[in-house]
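Residue-level structure breakdown
Each chain, letter by letter, is given below.
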Amino acid sequence: MAEDSDLEKTESATPRRLQKAREEGQIVRSRELSTFALLAAGFFGVWGMSGSIGEHLQSMLRAAFTFDHAGAFETRRMMIGAGVASREGLYALLPILGFTGAAALFAPMALGGWQLSAKGLEPKFNRLNPIAGLGKIFSINGPIQLGMSLAKTLVVGVIGGTAVWNRREEILALATQPLHLALANTVHLIAVCCGMTVAGMFVVAAMDVPYQLWQFHKKLRMTKEEVKREHRESEGDPHVKGRIRQQQRAIARRRMMTNVPKADVVVTNPTHFAVALQYTDGEMRAPKVVAKGVNLVAARIREIAAENNVPLLEAPPLARALYHNVELNREIPGPLYGAVAEVLAWVYQLRRFKTEGGDVPLAPTELDVPAELDKGGVSDDEAEQEAADTLNPAVNPDNDDASGASA
């Protein structure tokens, strides 16, 4: 059941999937919306510019039916008259053509906008497959499209038929009216019937647009496996990202180890923790942590400190507090000033002893470390990460050759 559900396209299309479909020329389109826009532009264009159109038509008719006896038998003048009539007809229809052309261009932008894609022009010979064509005809979309066409015809027919039926008496009365009045009323009735037809197309477009949106997004639905694959492709393989993070930690750790010889003192647990402190009077506001680690990393810090004659001080509460509460290259917090000051005082006394001799300074044992900063031993996450880094030669700080090659 789980495998079947994974194969079903139940997930909405991701933004990347939508963008890819757009690049391939797959955009939401509604023919009914375009048809409504064309009819509406033509109807309201004729309605709003009826005066200008009427003047041009009168000029065209006047030029066509006004001639003298000599001109009736001259071919050249007849062609000139036909040109004048054609020009007047073009002037009459030019605004309407402009309105309908603008509607044809901008109506598709209401849903999916414009997208120029050459992929839509690529030849696809599988479209010539008659079996695939029959499959589309007899698929579920065939009855749906047929139903939409019938609904469109029914809606427009009912609205248009109702408009004509309600004005049947006015239509029959046209035969008894004078010619000029009958023509005016005829134009009025035609305009009303056309307006009702446009209103019917608006209803059809309002029904078709939501359906096209639903159909488009349904077509682009994805399976759960496709979503996971796309996420891996866009975000990167988790294993690769984990490997990169491990290498970054290795590089940072090697950089950290280079700061141990510059430290003034290394505070230890004595085995689980090691924190290297550095303080330069006049340059730093407070001592800062330049290196820290647990388990094998702590052991490596102690080894480097011993090789470079950096003093080691066993102060478990202070080592734990520094490790848990201070980030690398950050200054120690205020509550630890007193304890660290005692440690640095011991370091300065130790340096004086080595240069001037005298009594060996005693290492501080009773350091004032707030209990809330002493968080105890190594957490499970820290121990697990330490073990993973130790087993992985790419991030083992003791193996500089392997880690350097991996980096």
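Residues numbered from 1 in each chain as written. Predicted model: local features only at pLDDT ≥ 70, side-chain atom pairs only at ≥ 80, totals over all residues. Heavy atoms only, no water.

1. Regarding a nonpolar patch on the surface
Together, Leu90, Tyr91, Leu93, Leu94 and Leu97 line one region of the surface with nonpolar side chains, adding up to about 500 Å² of accessible area. Secondary-structure assignment places Tyr91 in helix α5 (residues 75-106). (Patch = residues over 30% accessible without salt bridge, like charges linked within 9 Å, V, L, I, M, F, W, Y side chains within 5 Å. Areas by Shrake-Rupley, 256 points an atom, 1.4 Å probe, with all protein chains shown as cover. Salt bridge = Lys/Arg side-chain N within 4 Å of Asp/Glu carboxyl O. Helix = DSSP H or I, 4+ residues; strand = E, 2+ residues; numbered from the N terminus.)

2. Considering the environment of Ala321
Its location among the elements puts Ala321 in helix α13 (residues 316-325). On the accessibility criterion, Ala321 (0% relative accessible area) is buried. Remark: the alpha-carbon pair of Ala321 and Lys375, spanning 54 residues in sequence, is separated by 6.7 Å. Aside from chain neighbours lying at most four places away, what touches Ala321 is Val326, Leu336, Val369, Leu373 and Asp374. (Buried < 20%, exposed > 50% of the residue type's maximum accessible area, 1.4 Å probe, protein only. Contact = heavy atoms within 4.5 Å.)

3. A few points about the packing of helix α3 (residues 31-48) against helix α9 (residues 179-219)
Each packed pair of helices is defined by two parameters, the angle between the axes and the distance between the axes. Where α3 contacts α9, the axes come no closer than 8 Å and their chain directions differ by 155°. Comparing their axes, α9 and α3 come out roughly antiparallel. By crossing handedness, the relation of α3 to α9 is classed as left-handed. In this structure, α3 contributes Arg31, Glu32, Leu33, Thr35, Phe36, Leu39, Ala40, Phe43 and Trp47 to the contact, and α9 contributes Ala191, Cys194, Gly195, Val198, Met201, Phe202, Val204, Ala205, Asp208 and Val209. Here the contact of α3 with α9 is composed, by residue class, of 14 nonpolar, two polar and three charged. (Axes fitted to C-alpha atoms, helices over the stretch in contact; angles between N-to-C directions. Parallel < 35°, antiparallel > 145°, perpendicular 65-115°, else oblique. Left-handed = near helix turned anticlockwise from the far one by under 90°. Nonpolar A, V, L, I, M, F, W, Y, C, P; charged D, E, K, R; others polar.)

4. Focus: the side chain of Asp208
Within the fold, Asp208 resides in helix α9. The side chain of Asp208 is buried and forms no salt bridge, while Arg31, the nearest opposite charge, is found at 6.9 Å. Only 2.4 Å separates the side chain of Asp208 from the side chain of Ser30, close enough to count as a polar contact. Those residues in contact with Asp208 that lie beyond four places of it in its chain are Ser30, Arg31, Glu32 and Met148. (Lys, Arg positive; Asp, Glu negative; His and termini not counted. Polar contact = N/O pair within 3.5 Å; in protein donor to acceptor, adjacent residues only side chain to side chain.)

5. A word on the sheet that holds strand β4 (residues 312-314)
Spatially, β3-β2-β1-β4 is the arrangement adopted by the four strands of the open sheet, whose pairing is mixed. The sheet is open, and its two borders are formed by β3 (288-294) and β4, each paired with just one other strand. Averaged over all pairs of adjacent strands, the angle between their axes in this sheet comes to 20°, without regard to strand direction. By the bridge criterion, six bridges tie strand β2 (residues 273-278) to β3 in an arrangement that is antiparallel. Looking at β3, one finds that Leu277 is bridged to Val289. (Pairing = 2+ DSSP bridges.)

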